[in-house]
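Observations on the three-dimensional arrangement
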Amino acid sequence: MHLVRNIKSLLLAAAFSVVLPIALVADEHIGNWVSNPRALITIVIADDGGRVSGPEWEYRFAAGADSLDFEIAPGRRLVLRRSGETWVGEYFHPRVRPGGDPNEPHSMLFVRAKVAAR
């Protein structure tokens, strides 16, 4: 009887050890982020997928993605990478100031919306 009970406990523990990390990984991707400091661009991720949106544009992606590289409009590109609880990225647009590179980059930081609201 003890052997059957121990086997059941062991099987239950094994099942939780497989399911729990999957649930934690899924939960860490879900959430809302805003560009910091102005919150003009938002990242929203749910179980069924994510979206990055800004003034007059939107881009959809898989919920588990940790890096994105997409064109917002001709000559305007956004590159994002997830690092822990934050997203970091660069926005590239045609150069307006003098310089050798045809694209002008801007670094961006995104924080969870609940953190930005504090």
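One structure accompanies this document, and this report is about it. Being a predicted model, the structure only gives us computed values, none of them experimental.

1. So, the sheet that holds strand S8 (residues 103-112)
For sheets, the rule is that strands pair by backbone hydrogen bonds, running either parallel or antiparallel. Strands sit in the order S4-S3-S2-S1-S8-S7-S6-S5 across an open sheet of eight strands; the sheet is antiparallel. This sheet does not close on itself; its edge strands, each paired only once, are strand S4 (57-61) and strand S5 (67-73). Each strand of the sheet is rotated relative to its neighbour by a mean of 20°, with strand direction disregarded. Sheet topology places strand S1 (residues 31-36) next to S8; four bridges connect them, and they run antiparallel. Paired with asparagine 36 across the bridge in S8 is leucine 109.

2. Some remarks on unusual backbone geometry
The linkage connecting asparagine 36 with the following residue, proline 37, adopts the cis geometry, with an omega of 20°. Note on placement: proline 37 falls in the loop between S1 and strand S2 (42-46). In this structure, alanine 39 is a non-glycine residue whose phi angle is positive, near 55°. One can find alanine 39 in the loop between S1 and S2. The class of alanine 39 is partly exposed, set by a relative accessible area of 39%. Despite not being glycine, glutamate 56 has its phi angle at roughly 70°, a positive value. Along the polypeptide, glutamate 56 turns up in the loop between strand S3 (49-54) and S4. The class for glutamate 56 is exposed, based on a relative accessible area of 86%.

About the cut-offs
- Residues numbered from 1 in each chain as written.
- Predicted model: local features only at pLDDT ≥ 70, side-chain atom pairs only at ≥ 80, totals over all residues.
- Heavy atoms only, no water.
- Pairing = 2+ DSSP bridges.
- Helix = DSSP H or I, 4+ residues; strand = E, 2+ residues; numbered from the N terminus.
- Axes fitted to C-alpha atoms, helices over the stretch in contact; angles between N-to-C directions.
- Buried < 20%, exposed > 50% of the residue type's maximum accessible area, 1.4 Å probe, protein only.

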